[in-house]
Amino acid sequence: CVDSLDDYNVDTKKAPTVTAVTLFSNSLKGLIDALVTPNVNNNNYRLYVQQWAETTYLDEQRYNLTARAIPQALWQSLYRDVISDLTEAKKILNANTLLSAESKNNQLAQIEIVEVLAWSVLVNTFGDIPYTQAMDPLNPLPKFDDAKTVYYSLLDRLDAALLLLNTTGTGFGAGDLIYKGDIAKWRKFGNSLKLRLALVIADSDAAKAKTLIAAAAPNVFTANADKAAFPYVATPPNYNPVAQNLNPTYSTRQDYVITSVFIDPMNELNDPRRQQWFTTVGGVYKGGAYGFANTYADFSKVGTKIVDPTLEGIFMDYSEVEFSLAEAIERGLITGDAADHYNKAITASITYWGGSATDAATYIAQPKVAYATATGDYKQKIGFQKWFALYNRGWESWVEWRRLDYPKLLPPTGGSAPAGLQIPVRIIYPIVEQTLNPTNLKTASAAIGGDLASTKLWWDKF
Amino acid sequence: QDRSLTGKVTAEDGSVLPGVNIAVKGTNRGSTTDAKGEYSLSVSQGSTLVFSFIGFQTQEAVVGSQSVLNVSLKNDVSQLQEVVVTALGQEKKRNELVYAAQQVSAEQLTQTRNPNLMNALSGKLAGVDIKVSNTMGGSTNVVIRGFKSITGNNQALWVIDGVPVSNANNNTTTQQTGGAGVDYGNAASDINPDNIASINVLKGAAASALYGSRASNGVIMVTTKKGRKNSFDVTVNSGVTWGKIDKSTFARYQTEYGQGYVSTFKQANLGAGLGDVAPYDVDASFGPKFDGRPVYQWDAIDKFSPNFGKQTPWVKAENGPASFYETAVTSNQSIALSGGGDASTFKIGYTRSDETGVLPNSSLKKNLFNFGGSYDLNKKLTVAATVNFSNIKGNGRNNTGYNGKNPNQGFRQWWPLSVDIAQQKEAYFRNQQNVTWNWANIQGTNPIFADNPYYTRYKNFSNDTRDHYQGSASATYKIASWVDFTGRFSYDGTIDAQEERISVGSAAVPSYIRFDRNFHETNLDLLFNFRKEITKGISFTGLLGSNMRRSYESSMRASTNGGLAVPNLYSLSNSVSAIEAPTEIVRKIGVDGIFANASFDYKGLVNLDLAARQDKSTTLPKSSNTYFYPSVGANFVFSELPMLKNNWLTLGKLRANYAEVGNDAPWGSIYDVYDKPTGIGTVPYFSLPNTKNNANLKSERTKSYEIGIEAAFLNDRLGFDVTGYKTSTLDQILPVSVTSATGFTARYVNSGEMQNKGIEVSAYITPIKTEDFSWTMNVNYTRNRNKVVSLYGDVTNVQIASLQGGVTINAALETNADGKVIGGLPFGVIRGTNFTYMNGQKVVGTNGIYKPSASSGEIIGNPNPDWLGGVTNTLKYKSIALSFLVDIRQGGNIFSLDQWYGEGSGLYPITAGLNELGIPKRDDVYQRGSDGKYLLDAAGKKIQAANPGGVLFPGVQADGSPNTVRAENIDGNSLSAYGYTSNAPRAMYVYDASYVKLREASISYSLPQALVNKTRAFKEISVSVIGRNLWIIHKNMKYSDPEDGLSSGTSNGAGGYQSGAYPTVRSYGFNVKFRF
């Protein structure tokens, strides 16, 4: 009789229960892949900030977001593959009565820090997003929450998480692929993240930013070794997605070259990072035309280090933190020597990529680099150098460009380029949401001022 | 005065007929024939004997002075009087049926020797939608009375001799939704057509409910040939067919421009001095105009080519992609032996089919064995067994969809018209290397996007085997004259093995994929059959039974990781990186059912039929795993009314029924489990799955009403069967798509209703019937209207598939501008960007191209046909018979990814030639300076050339004035007026899928019986000339066969999508048949 066949509807090849750490590890992979991949279907931010140009197919560098389901790819990977696993990991942890309070708190905090980072990517990409009603499979039509409200909630959650961290307890161990359970480093990472997130609201809510940064600044990264990075390995599928898409071992495609917009100023400054980042053509670094077709053979491409499958994926690094500190000082949020932090940021970036301290010093000594003599105000100086330092980190670079409004980037014009192109300052909602969650989507679109790539987010004041 | 009379009763073919009933008219005396077909009887001269036997026409004979009276009974060809096999193998006279059932004879099926049984049914059945793929041995979509399940299985259930058999499609979901994959066909194509006596299709729930859950999509009942007692018969068929592609279903190209995205050449010296170089690294035909100038082309880079380092004329390729397709050859040989003794029958059959497809390096070999036998142990107990075994070996089956291994991805979407297929062939065969037309660089180290198509076929082919074992053993015991008992155990098992490869040197990462699957299902049926006359005029037939079904599926799919270490070695261990864990599946399903059927017949005038079944399934939560469903039906045979007897009306019957069928959940949709992605180093990963299961599911239900009228006139010269039906499938168990903001992309729910309403008509007429000549016409007509009535909560759209090109296939409700539901839409509607309209006129944007709607969720097509029709004409003159079938599909839409990309890449005639001003479309619209830059007027606007090229699309501009802006069409990267490059509304690439096809035709000649008899050895010799897919009489899709789908299944919706479509194969040949 059927009633005795209890195992018939059970999947005997899949786990009914798992430990929280395995979900946590997986979500780290999901998040870093979403940020790192250069796949045209997922992540075209390197094109928006004009580090790279396309060779043959020009849709993405001309900001077509509908020919492929690009917005959906990010939306789906963050909600379904990252935040859902983190939420589940928390659920499992909370149900675990055998774990010591200290360890549980640490692990919850680790999850929370990563989750805040993931949410910040969503909210700073799309604007209003499902948040309070998200992650509930029983509610197929979650309402969208106001982006600013979401953002402030994230800031609160990050603060709460930092309070949970304690170095007496253990966190996730080997499954913590970033720090292998080093709670002190997590505290630095959390504070560095707080610094990053707080700067975003510096234009709209300087007072709040000041409070947050004052608290965070003393506890941020202090060396390259502090970085939060994902240790990609040589074996697919845990290899760097850049290698997956651009390394000749894994793909014969020749879709990208470096732009002249990016390479020309580096050439002018004799940037020591070029040899790590680019190939040469006829012994020189040569960039292609941004926004137009380029002959692959004629221009510099990503260098061997960039397409190395084991190149680590960066959530956050020291150089970025130093740039932020410099900016915070300039904004009067904290006190200190902006030039010093600016120099440390550049030095950190150059040494990270294999240059020596001398290389960095020589580079910084150039009048066009030196903080005192470089062109423009702090936004321009920091924006320009941060743009280099965030090479190969398209999404982060895109946020900084929107925030600092430097360097001045122009959309392709003339020739075959359609008239009126605008570099996206927001990504449109996934097309599937038009049918999956239409009413809430409509409300949200109206609330943010139109579901367009030209709609500025709430914090993007200038 | 009585005297003794003896005789023998035979069938037309000479075989003896035991058990024929002989009645002396006007008396209650009679007899039956014995096992040798002989009878003896004592009668008076002048009396009339009535010979009747099921399946044969009743015949009367007047007793003269003779003492021996031999009678040959004619097969009952009447379509309304025939005996049909219904659910669970019950035999019923058509008169008794209360539901629609349509029979197809062996002759109709095998006339054109189609090796695929499913395809052979096309056009021959009303209410059945058969979509044939143009792939060799590929899958066929068989849907009866419309799509009922939103995400589940919609395929008809196949039953052989009362036993359900697998019709699994083991193609990947990616393949079924237009991505890369191989079409391995579905398992019903393994059924041996030569083993079939007849096929009966039970269309509605009332007819099929006794089969339980799986029969809600209708049942195709196959009755195999049986041996006859005291006879021996051998049939041999031998035939060959040849196939060639029907060029009207293949791409036709523009003839003026070659490889490239822009109209200029690059310069380099490849050996004969600095000169023009074809853009070998691009895969489009938006390049320079053919002018015969010397150009370094792809072969100038191939060291082994005679053209190495040489320039060749820039001209249109002499041999286009159509010449890639070869002549297919299918040889089909079969032998069938059948016969029996006094108490036993047997049949043994073997069919061998060898097919080579139209694609280079493709073949399909089938070995089909059939055995069946029965033995009467004593008068009460009969035992019987059948065994069917098939072995299918495929090599180089068709890769389908958007896939570098599908040559049509190239030929229809990304192809340079300057590349000659014959030269590609020579280049490959010179040393079996990947000499592509699409080099990544001038050194020719490797391809960039596309491989040499011959290299693909000969190196990157798949191979597969499918062993199908199916058999049953049964015993029937006659308990009393009015009741017998049957016990039957049956087994249906398949073992599939598939291997796919990408060789070292290909554009894609080298790999080897292996898939092994083992499936079996056992059924144990216990049945009591009752047949009793309750009182005079009222007879009862009944069935009481139980079914225990257990199925087991186990499969593994594994692939190499990161490349192949050693070239040409295809094993998992040859992986460059350690392989990822195989996808391992074990699924077990158990269903127990009990059922009863009672039918009462009053004088053959009225029939009442009641049935009920209760199932208990393991796939549902234990608390709600039992579900019951009833059916009721009645008929009224008004032609049996005394006042209508002996009239022009041969048969008239009205029938009506109502039925419900319950259905269980898909396996594994109740309990949640975790996915296990490949961990990093020693750190394991787990992840929540993408679909959230639901522990509160209950059974889903199909409710159907049906009414029908059957009539035959003028001695069966003319007749029809008209059925109207309405089916609702409620509480559907579906993994409804949800926003990923829920943490999942789908969730199982018990919700949604889909409705099908339709009319189906089958009719026949014999306009001419003389001794020597007859003409018969059979007509089938199907009209189904499908509607999604409700979905899930406030959800108004369930996405079935998201397809490349930015279109989706959906089950959707119709909403007004405010998002309020105002009705239901047909299943499978295509969504994408539409045209924007102003006062009914299409709006053209500032770039001269039709402006797409802001939303890509607009409904732009409905794949469901308005109606289907099939007309078979059979003309017989003496021993010559001509038969042909015209198959019609009216309406329905298809989005063509082929046109979407191919027009963008400049392949099709519309992208070249002259515009309405007589200027080449690919000429500049605007003036340029000598530096190539546009000249601007004072206002900064581009200045139109005196003789502008480009395309002027009819429509209006944003302000409502007639369009005067010409769309530029000069550059495949971005300035193309058509296809993907233009980002035109997707609605522009939705086509009407109607067709009228001459599907089958055959001329056969049977040697006259007298002549055959003289040979002594033979009973029948016939020769036929046959053809399939001979002519597409009409279609609206220019360059493809609108019927060619991607696969069978639901995941591509109702088939509204084509990507890398294969051309139709037109085949013709002959067959010789001997019977002795």
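Source: prediction; values computed, not measured.

Draft legend 1. A look at the overall build of chain B. Within chain B one finds 10 helices and 59 strands. The globule rule puts the C-alpha radius of gyration for 1076 residues at 31 Å, and the 32 Å found for chain B is close to it. Seen through its C-alpha atoms, chain B measures out along the principal axes to roughly 120 × 65 × 65 Å. Evaluated residue by residue, chain B yields a buried proportion of 60% over its 1076 residues. In chain B, the share of contacts with a sequence separation of at least 24, taken over all contacts with a separation of at least 6, comes to 68%. Here chain B displays about 40,300 Å² of accessible surface, and carbon together with sulfur accounts for 56% of that area.

Draft legend 2. Representation of the side chain of S362 of chain B. Residue and element names in this part refer to chain B. Locating S362 in the fold gives a position in the loop between β24 (344-356) and β25 (363-376). There is a polar contact of 2.7 Å between the side chain of S362 and the backbone oxygen of L359. Ignoring sequence-local partners within four residues, the contact set of S362 consists of M136, E355, T356, G357, N395, G396 and R457.

Draft legend 3. Quick look at the sheet that holds strand β5 (residues 48-52) of chain B. Residue and element names in this part refer to chain B. With antiparallel pairing, 4 strands are arranged side by side in an open sheet as β3-β2-β5-β6. The outermost strands of the open sheet, each flanked by one partner alone, are β3 (30-32) and β6 (59-62). Strand-to-strand twist across the sheet, computed as the mean angle between neighbouring axes with direction ignored, equals 20 degrees. Pairing of strand β2 (residues 21-24) with β3 involves 3 bridges; the strand directions are antiparallel. Residue pairing for β3: A23 is matched across the bridge by G30.

Draft legend 4. Molecular detail of the packing of aromatic side chains. Residue and element names in this part refer to chain B. Taken as a whole and assessed by the stated rule, the structure comprises 90 aromatic pairs over all chains. Between the aromatic rings of F389 and Y469, the centroid separation amounts to 5.0 Å while the plane-to-plane angle is 40 degrees, which identifies the pairing as tilted. Linking F389 in strand β26 (residues 381-395) with Y469 in strand β28 (residues 463-480), this pair joins segments that are 80 residues apart in sequence. Exposure remark for F389: the relative accessible area of 22% places this residue in the partly exposed category. Looking at Y469, the relative accessible area reads 34%, which means it is partly exposed. Taking 5.1 Å as the distance between ring centres and 90 degrees as the angle between the ring planes, the aromatic pair formed by F411 and W415 counts as edge-to-face. Residue classification places W415 among the buried residues on the basis of a relative accessible area of 2%.

Draft legend 5. Structural view of helix α17 (residues 438-448) of chain A. Residue and element names in this part refer to chain A. Along α17, the residues classified as buried are N440, L441, A444, S445 and I448. Viewed along the axis of α17, the buried residues span an arc of 135 degrees, placing them on a single side of the element. Opposite the packed face of α17, turned more than 90 degrees from it, sit the exposed residues T439, K442, T443, A446 and A447. Buried-residue contacts for α17 involve α4 (101-126), β3 (144-145) and α16 (433-436).

Draft legend 6. Structural view of the domain arrangement of chain A. All names here are of chain A. Under the domain assignment used here, chain A contains domain 1 (20-44 + 67-219 + 429-448) and domain 2 (241-298). Here the C-alpha centroids of domain 1 and domain 2 sit 33 Å apart. Contacts between the two partners involve 7 residues from domain 1, matched on the other side by 4 residues from domain 2. When domain 1 packs against domain 2, the two sides together hide about 480 Å² of surface, and 65% of this comes from carbon and sulfur.

Draft legend 7. Spotlight on the nonpolar core. The biggest cluster of nonpolar side chains holds 157 residues, and the ones touching the most others in it are F189 and F315 of chain A. Broken down by element, this core gets its largest block of residues, 13 residues, from α4 of chain A. With near-sequence residues (within four places) excluded, F189 of chain A lies in contact with I113, L117, I178, Y179, F221, A228, F315 and M316 of chain A. By size, the runner-up hydrophobic cluster in this structure holds 57 residues, among which are A801, I809, Y850 and L897 of chain B.

Draft legend 8. Fine view of the environment of L1011 of chain B. Residues and elements named next belong to chain B. Here L1011 shows up in helix α10 (residues 1009-1015). Owing to a relative accessible area of 45%, L1011 belongs among the partly exposed residues under this scheme. Sequence-wise, L1011 and I1021 are 10 residues apart; in three dimensions their C-alpha atoms are separated by 9.6 Å.

Draft legend 9. Geometry of a nonpolar patch on the surface. Together, W242, Y877, I880, L882, I1003, Y1005, V1025, Y1068 and F1070 of chain B line one region of the surface with nonpolar side chains, adding up to about 800 Å² of accessible area. Within the fold, V1025 of chain B resides in strand β57 (residues 1020-1035).

Draft legend 10. Representation of unusual backbone geometry in the model. Across the junction of P236 of chain A and P237 of chain A, the peptide omega takes the value 5 degrees, indicating a cis bond. Of note, P237 of chain A is situated in the loop between β4 (228-230) and α8 (241-246). Positive phi values are uncommon outside glycine, yet K603 of chain B reaches one of about 55 degrees. Within the fold, K603 of chain B resides in the loop between β34 (583-602) and β35 (606-617). The backbone of D731 of chain B sits at a positive phi, close to 50 degrees, despite the residue not being glycine. Note on placement: D731 of chain B falls in the loop between β40 (718-730) and β41 (733-737).

Draft legend 11. Summary view of the environment of A343 of chain B. Residues and elements named next belong to chain B. Positionally, A343 belongs in the loop between β23 (328-340) and β24. According to the relative accessible area criterion, A343 is partly exposed, its value standing at 22%. Sequence separation between A343 and L377 is 34 residues, and the spatial gap between their C-alpha atoms is 7.6 Å. Filtering out sequence-adjacent residues up to four positions away, A343 remains in contact with K229, S374, Y375 and D376.

Draft legend 12. Focus on the sheet that holds strand β42 (residues 746-750) of chain B. Residue and element names in this part refer to chain B. If you walk across this open sheet you meet the 3 strands as β38-β42-β41, and the pairing is mixed. Every other strand in the sheet has two partners, leaving β38 (691-692) and β41 as the edge strands with one partner each. Judged from the 2 bridges that link them, β38 and β42 form a sheet pairing that is parallel. Within β42, the residue paired with T691 across the bridge is A746.

Draft legend 13. The arrangement of the interface of chain B and chain A in detail. Contact with chain B, which involves 82 residues of that partner, is made by 79 residues of chain A. Across the interface of chain B and chain A, roughly 6,500 Å² is buried in total on both sides, 56% from carbon and sulfur atoms. Remark: the boundary between chain B and chain A carries 5 salt bridges. Where chain B touches chain A, the interface holds 36 residue pairs in polar contact (both at pLDDT 80 or more). Every element with two or more residues in the side of chain B that touches chain A is listed here: β32 (561-564), β34, β35 and β45 (797-803) of chain B. Among the elements that take part in the side of chain B that touches chain A, β34 of chain B stands out by supplying 7 residues, more than any other.

Cut-offs and rules
- Residue positions are counted from 1 within each chain, in the order its sequence is given.
- The lettering of chains begins at A and the numbering of ligands begins at 1, in the order of writing.
- Side-chain atom pairs in this predicted model are given and counted only at pLDDT of 80 or more, local residue features only at pLDDT of at least 70, and totals for whole chains, interfaces and linings cover all residues.
- With hydrogens and water excluded, all non-hydrogen atoms of the structure serve as input to the side-chain values.
- To qualify as a helix, a DSSP run of H or I must reach at least 4 residues; to qualify as a strand, a run of E must reach at least 2; elements of each kind are numbered from the N terminus.
- To get the radius of gyration, use the C-alpha atoms; to get the globule rule, take the number of residues to the power 0.38 and multiply by 2.2 Å.
- In this scheme, a residue with accessible area under 20% of its type's maximum is buried, one over 50% is exposed, and one in between is partly exposed, where area comes from a 1.4 Å probe on protein chains only.
- Every residue pair with non-hydrogen atoms within 4.5 Å of one another is taken to be in contact.
- For accessible areas, the Shrake-Rupley method is used with a probe of radius 1.4 Å. Any residue's cover is judged against the shown protein chains and nothing else.
- N or O atoms within 3.5 Å of each other form a polar contact, as long as, within protein, one can give a hydrogen and the other can take it, and as long as residues adjacent in sequence are counted only when both atoms are side-chain atoms.
- Pairing between strands requires that DSSP locate at least two bridges from one strand to the other.
- Axis angles are defined between N-to-C directions and span 0 to 180 degrees, where every axis is a line fitted to C-alpha atoms and, for a helix, only to the segment in contact.
- Pairs were defined over the aromatic rings of Phe, Tyr and Trp, the Trp ring being its six-membered one, requiring ring centres within 6.5 Å. Orientation was assigned from the angle between planes: stacked under 30 degrees, edge-to-face over 60, tilted for the rest.
- Note that the arc is defined by the directions from the helix axis to the C-beta atoms.
- Each domain span listed reflects an automatic or database assignment of domains.
- In this description, buried area is defined as the sum, over both parts, of the accessible area (probe of 1.4 Å) that is lost when the two are combined.
- The definition of a nonpolar core used throughout is a set of buried Ala, Val, Leu, Ile, Met, Phe, Trp, Tyr and Cys residues joined through side-chain atoms within 4.5 Å.
- Patch membership requires over 30% relative accessible area and the absence of a salt bridge. Like charges are linked within 9 Å, and nonpolar side chains (Val, Leu, Ile, Met, Phe, Trp, Tyr) within 5 Å.
- Definition used for salt bridges: Asp or Glu carboxyl oxygen within 4 Å of a side-chain nitrogen of Lys or Arg.

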